[in-house]
Every structure is written in structure tokens, then in C-alpha cells.
Amino acid sequence: MSTEKTAADTPVETAEQGPGAASGTAPSLAKEARPARDGEPLLEVDNLGKHFPVTAGLLRRQVAAVKAVDGVSFSVRKGETLGLVGESGCGKSTTGRMIMRLLDPSFGKITFEGEDITKMSQGRLRPLRRDLQMIFQDPYSSLNPRKTVGAIVGAPFRLQNIEAKQGVKKAVQEILELVGLNPEHYNRYPHEFSGGQRQRIGIARTLALKPKLIVADEPVSALDVSVQAQVVNLLEDLQDELDLTYVVIAHDLSVVRHISDRVAVMYLGKIVELADRADLYERPMHPYTNALLSAVPIPDPSERGDRQRIRLQGDVPSPLDPPPACRFHTRCWKAQDICKQVEPPLVELSPGHQAACHFPENTTVSATDEVARAAVAPAAGAAPAEESAPEA
Ligand SMILES: Nc1ncnc2c1ncn2[C@@H]1O[C@H](COP(=O)(O)OP(=O)(O)OP(=O)(O)O)[C@@H](O)[C@H]1O
Ligand code: SF4
Ligand SMILES: [Mg+2]
């Protein structure tokens, strides 16, 4: 228990404070343009996949595989934020956990700072863990309720055997201040904080060792809408201050739009569209992206125009047995025979804007020709043939 009972007895204020604090509104959809991030790639993911084996019988033989992630490729430049978005179960967290090397990929390659880390042993990964950090969705369950904030945020120093120049306690208090928490609350326990403050503790923990890349898995979806904007703003402030690179995972397109430089849209284990934020939101090419965008509420009626909500029919098919060719064809209102027979590869249809569709929207280029051309000479990073994928 805390040795500073008197401090703990004082109620912790629930209002958010410090960097990132904002008025109690949801993240704004309209965001000022950020300077282009055109640095070196920090992270490169090439044809990455994870097939979880499904076993049965006494001998636990593999009878099937959940194709959670099935050949995704993207890169993230230094200082950039890549948003990864899609419906529940499309493989976002699995992708994030593979990047962190918390899960071993079934196939594909992960390169961090030019080094292939796909099969790096846990021993060799240990120093790299300082550079790669993850923020989890649930700010309560990701914090040990029996540990004080000081112990939680200071744990990475102990785990990595790192001495802070000014001492761990002082270093932790500085980080608490950086994320807008009161350094005096060092000896308090997670249950004494509000949801938004707990997420700030989680963020403080990831910042302890000055990471280079942070994967934030649904960092605000468990929070009250009035607190979401504050945490998103905090992440942005910290990025500018500490030169961080983010992969932000969300199913809420409004959160991803607010914080991302580029956005990748996932459906059933694949990336179906990847583009600069403005390009994706103003000129979505994939019907699935269009459907997701149509569900984002626009607060200002004058900006709604004649936009219609596209209601997708049916549920997301099972990743145990995804539909052949275009995985979206069972729910796509534009589907034709070719969509059920030929998988559309992810190709660049305008500069920096990739989409995987035989009949993309918002493009004047001959997209179908482009797709056909790419189908003959598959793009680098296209998923491997089924039989060539190694066992999960
Ligand atoms: N350890 C596991 N074993 C078997 N299947 C798994 C495992 N982990 C995830 N899956 C399956 O892989 C698919 C992708 O899961 P994942 O958690 O990556 O999705 P997600 O996009 O993060 O979804 P959500 O938005 O709900 O968090 C799902 O069908 C899930 O059931
Ligand atoms: S390839 Fe066909 S089914 Fe797939 S998204 Fe495009 S139009 Fe729809
Ligand atoms: Mg998830």
C-alpha cells in the first residue's frame, strides 16, 4: 500500500489538465493541415501475415487457420502518424502486436530502422523494446491495480536496468508532468484516477524510455467522448515535442482523421486502401472506405451536402474462410463477376494513393486497366499464394 496515505486521501480531480487539455468535445473532424512528414522510413512492413491455427481432437491437429492478417504492406516515416482503421476483427490489433513483436508473424517481414526484426530473438529484441512501445485500449486493465503510478511509470527503467541521471523518481515525476498529471500523485493507485487520467498514466509509461515508435491500439475508444479529444491532443502535442512516430489503430474514422498523416483501411486481414489523410477523406476510391466514411457524423449541417449513409449488408465474413478474390464482394453493391474471380491487387491509382478494387471511385485514371496491368505483374507486397504461406 501507499506510504503517503495523506496524499492518497485527497480526492483526485477528475477534470483533465495540462498538455492536450481541451474543451469537452469529441475530436474535431476538421483539422489544420500538418506539415508534410517526408523523413526516412522508420518502420517497413512487407507482406506481413498472421494465421492462427485452429486445432481439434486429442492430438490437437491443425484443422484450419484464422487468417487474421493476410499480407499487409506499408511503411511509416520518421515523425509521421499512420492511422490503421477498419471494423472489429479485421486484424488491426494483430498487426500492431506483430510490429511490436508481441506476436510472431506467420509470414512477411518487419524492418525497423533498416534492420530486419521479423525473427529477432527476445534477447536481441530487449534493447529494442526501449524504442518500440504500445498504448493499449483499456486504460484500466492495462495498469496493475496493486502498483502505484510511480511504480508503473518507473517499471521500464527497472526492466531495462536504466539509471536516470536525476533518479527514477524525479524522471517519473517529470514524465507525469509532461502528460498533464500532477507529479505529487506519484504514490497513488490507478483506481484513484479518472479514465482519461488513467490513459495518461498509460501514455506516461510508454514515454519513460523515450521510444521512437508508439503503436497506440484504440487509445481513446474506452474513454468518454468528452475526454477523447484531450487524449488525442495530448498525443499530438507529445509527438511534436518528443519527435515521436505513431501507428494509431482505431475503428472510428473521426479519431484517425484527426491525428493521422496517412490512413490505411483494413478489411478482413488486408489493406484495401492507403492514402494521405486529405486524399482519402476527400476522394475515397474503395467502396468499403466510402461506406466507413458515410458513417462518420458531420456536426455542421451545411457541410453535409447530399451525402448518403451507405449501410453495409450482412456481417463481416469469417476470417476462417474469407470470400475468394475480392474479400469485400459479399457486401459490395458494385460487385461484378470479376470481383468474385480475380483478387484486385493494392495498386497506386494516383500519386501516393493505393486502392485494391476493380471498379474504384473518384479516379479519372483508367483504374481497371491499371488493376489488370498490375494483376499480370503483381505489385511488391501482394499476398502470397495460399499454399506458399508457411504454417502459423
Ligand atoms: N490468439 C488468437 N487466436 C485465434 N484467433 C485470434 C487470436 N487473436 C485474434 N484472433 C482473431 O483474429 C482476427 C483479428 O483479430 P484482431 O484482434 O486483430 O482484430 P481487430 O481489428 O483488432 O478487432 P477489434 O476492433 O475488435 O479490436 C479476429 O477474427 C480474431 O478473432
Ligand atoms: S473489387 Fe469489386 S467487389 Fe471488391 S470492392 Fe471493388 S467493386 Fe466491390
Ligand atoms: Mg483490436
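Our subject is the structure listed above.
Cut-offs applied
- Residues numbered from 1 in each chain as written.
- Chains lettered and ligands numbered in written order.
- Predicted model: local features only at pLDDT ≥ 70, side-chain atom pairs only at ≥ 80, totals over all residues.
- Near = placed C-beta within 6 Å.
- Nonpolar A, V, L, I, M, F, W, Y, C, P; charged D, E, K, R; others polar.
- Helix = DSSP H or I, 4+ residues; strand = E, 2+ residues; numbered from the N terminus.
- Buried ≥ 20, exposed ≤ 12 C-beta atoms within 10 Å, placed from the backbone.
- Pairing = 2+ DSSP bridges.

### Section: the site of ligand 2
The environment of ligand 2 is formed by 13 residues, the closest being C326, C332, A335, C339 and C357. When grouped by side-chain class, the residues that make up the shell around ligand 2 number nine nonpolar, three polar and one charged.

### Comments concerning the site of ligand 1
In the vicinity of ligand 1, 13 residues are found, and the nearest of them are F52, A68, S88, S93 and T94. Counting only elements with at least two residues in the shell around ligand 1, the list comes to strand 2 (61-77) and helix 2 (92-99). For the shell around ligand 1, the element with the most residues is helix 2, which contributes three residues. Residues belonging to the shell around ligand 1 are distributed by class as follows: five nonpolar, seven polar and one charged.

### Remarks on helix 5 (residues 168-178)
Of all the positions in helix 5, only V172, Q173, I175, L176 and L178 are classed as buried. Immediately downstream of helix 5, the backbone of G180 shows phi near 85 degrees, a positive value.

### Overview of the environment of P297
Mapped onto the secondary structure, P297 falls in the loop between helix 10 (287-294) and helix 11 (337-341). Between the C-alpha atoms of P297 and R309, which are twelve residues apart in sequence, the distance is 9.6 Å.

### Looking at the pairing of strand 11 (residues 347-350)
For a regular strand, side chains alternate in direction, first toward one face of the sheet and then toward the other. With three bridges connecting them, strand 11 and strand 12 (residues 353-355) associate as antiparallel partners. Each residue of the ladder has a partner; that of V347, found in strand 12, is A355. Once strand 11 ends, the chain turns through two residues before running back antiparallel as strand 12, passing G352 with a positive phi of about 75 degrees.

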